[in-house]
Amino acid sequence: MKIYTKSGDKGTTSLIGGRRIPKSDAQVEVYGTIDELNSHIGLLAAYPEHTESERAFLQDIQRCLFGIGGFYSFDFSSGKAFTLPFPQTDEVERLENAIDEMEKSLPALNHFILPGGTQAAAQAHVARTVCRRCERKMTGFAVPLAYAAQESIAKSYINRLSDFLFVKARYLNL
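Residues numbered from 1 in each chain as written. Predicted model: local features only at pLDDT ≥ 70, side-chain atom pairs only at ≥ 80, totals over all residues. Heavy atoms only, no water.

(A) Quick peek at the overall build of the chain. Each helix and strand in the chain was counted, giving 5 helices and 2 strands. Secondary structure elements of the chain occur, N-terminal to C-terminal, as β-β-α-α-α-α-α. Its C-alpha atoms give the chain a radius of gyration of 17 Å, within 12% of the compact-globule value 16 Å for 174 residues. Projected onto the principal axes, the alpha-carbon positions of the chain cover approximately 50 × 35 × 30 Å. Expressed as a percentage of its 174 residues, the buried residues of the chain come to 43%. A fraction of 73% describes how many contacts in the chain between residues 6 or more apart in sequence connect residues 24 or more apart. For the chain, the accessible area works out to roughly 9,700 Å², and carbon and sulfur atoms hold 56% of it. Measuring between centres, the 20 positive side-chain charges of the chain sit 8 Å from its 20 negative side-chain charges. (Helix = DSSP H or I, 4+ residues; strand = E, 2+ residues; numbered from the N terminus. Rg over C-alpha atoms; globule rule 2.2 N^0.38 Å. Buried < 20%, exposed > 50% of the residue type's maximum accessible area, 1.4 Å probe, protein only. Contact = heavy atoms within 4.5 Å. Areas by Shrake-Rupley, 256 points an atom, 1.4 Å probe, with all protein chains shown as cover. Lys, Arg positive; Asp, Glu negative; His and termini not counted. Charge placed at Lys NZ, Arg CZ, Asp CG, Glu CD.)

Right, here's the structure in full:
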């Protein structure tokens, strides 16, 4: 199979289900931003400061982002059920547990901090800001009510992920 299909040359793309929409559509903005975030998480995972278990955790985050990206690239007008792998509530809790664990070794935060520090920490901050943009795009896109439960998990996951990335940056700078 060739990587190029030429079907997008006129500025449209296919949703899961086949319907074509403009590449400038708000839905494409959402899943495109999720894809960008996923790439930034991949870059963060590549830094040698991470243990194998930390790298595996970041890769698990990437898998969750694939599920959320798949959800937002789904043709909601099809009336079909979304059946691709998708993170569940326990994945949100897993992020919360990771945040709590890192915060045990961090000093209390009583002022704003500048994004930066080590290269890995700076990358975590970049991923955090892309995550926040992703959250804004998700909030601005109206998912039909029939998919509200999955949308709620996706929004919670992305919100918690931005918190995780903020704490991860502080942890890496420690």
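Having seen the model, we can carry on.
(B) The state of the cysteines, seen in detail. Across all of its chains, the model carries 0 disulfides by this definition. In this structure C134 is a free cysteine whose sulfur lies 6.2 Å from that of C131, the closest cysteine sulfur available. (Disulfide = S-S within 2.5 Å.)

(C) Layout of the pattern of salt bridges. Summed over the entire model, instances satisfying the criterion amount to 13 salt bridges. One salt bridge in this structure joins E36 and R133, with 3.1 Å as the shortest N-O distance. Residue E36 is located in helix α1 (residues 26-46), and its partner R133 is located in helix α4 (residues 119-140); the two are separated by 97 residues in the primary sequence. Two residues, D60 and R63, come together in a salt bridge whose shortest N-O distance is 3.3 Å. Placement of both D60 and R63 in helix α2 (residues 52-72) is noted, with a separation of 3 residues, approximately one turn of the helix. According to the relative accessible area criterion, R63 is exposed, its value standing at 53%. Salt bridges here are not isolated pairs; linked through shared partners, they connect D60, R63, E91 and R94. (Salt bridge = Lys/Arg side-chain N within 4 Å of Asp/Glu carboxyl O.)

(D) Broad picture of the packing of helix α3 (residues 89-103) against helix α5 (residues 148-173). Look at α3 against α5: their axes get within 9 Å of each other, and the N-to-C directions meet at 20°. Between α3 and α5, the angle falls in the class roughly parallel. Note that α3 runs across α5; the crossing there is left-handed. Of the residues in α5, those in contact with T89, E91, V92, L95, E96, A98, I99, M102 and E103 of α3 are I153, S156, Y157, R160, L161, D163, F164, V167, K168 and Y171. For the contact of α3 with α5, the residue count by class is 11 nonpolar, 2 polar and 6 charged. (Axes fitted to C-alpha atoms, helices over the stretch in contact; angles between N-to-C directions. Parallel < 35°, antiparallel > 145°, perpendicular 65-115°, else oblique. Left-handed = near helix turned anticlockwise from the far one by under 90°. Nonpolar A, V, L, I, M, F, W, Y, C, P; charged D, E, K, R; others polar.)

(E) Up close: the side chain of R128. Residue position: R128 is located in helix α4. Of the buried charged residues, R128 lacks a salt bridge, with D163 as the closest side chain of opposite charge at 8.5 Å. Excluding its chain neighbours within four sequence positions, the residues that come into contact with R128 are P115, S162, L165 and F166.

(F) Broad picture of α3. Compared with an ideal rise of 1.5 Å per residue, which puts 15 residues at 21 Å, α3 spans 21 Å between its outermost C-alpha atoms and is within 8% of the ideal. Of the positions making up α3, those classed as buried are V92, L95, A98, I99 and M102. Taken down its axis, α3 places every buried residue within 120° of arc, on the same side. Looking at the buried positions of α3, the neighbouring elements they touch are α2 and α5. (Expected span 1.5 Å × (residues − 1). Arc of directions from axis to C-beta.)

(G) Structural context of the nonpolar core. In this structure, L37, I61, Y72, Y157, L161 and F164 are the most contacted members of the largest nonpolar core, which totals 50 residues. Broken down by secondary-structure element, the contributors of at least two residues to this core are α1, α2, α3, α4 and α5. Per element, the largest residue contribution to this core is 10 residues, and it comes from α5. Setting aside anything within four residues of it in sequence, one finds I61 in contact with I41, L95, Y157, L161 and F164. (Core = buried A, V, L, I, M, F, W, Y, C linked by side-chain atoms within 4.5 Å.)

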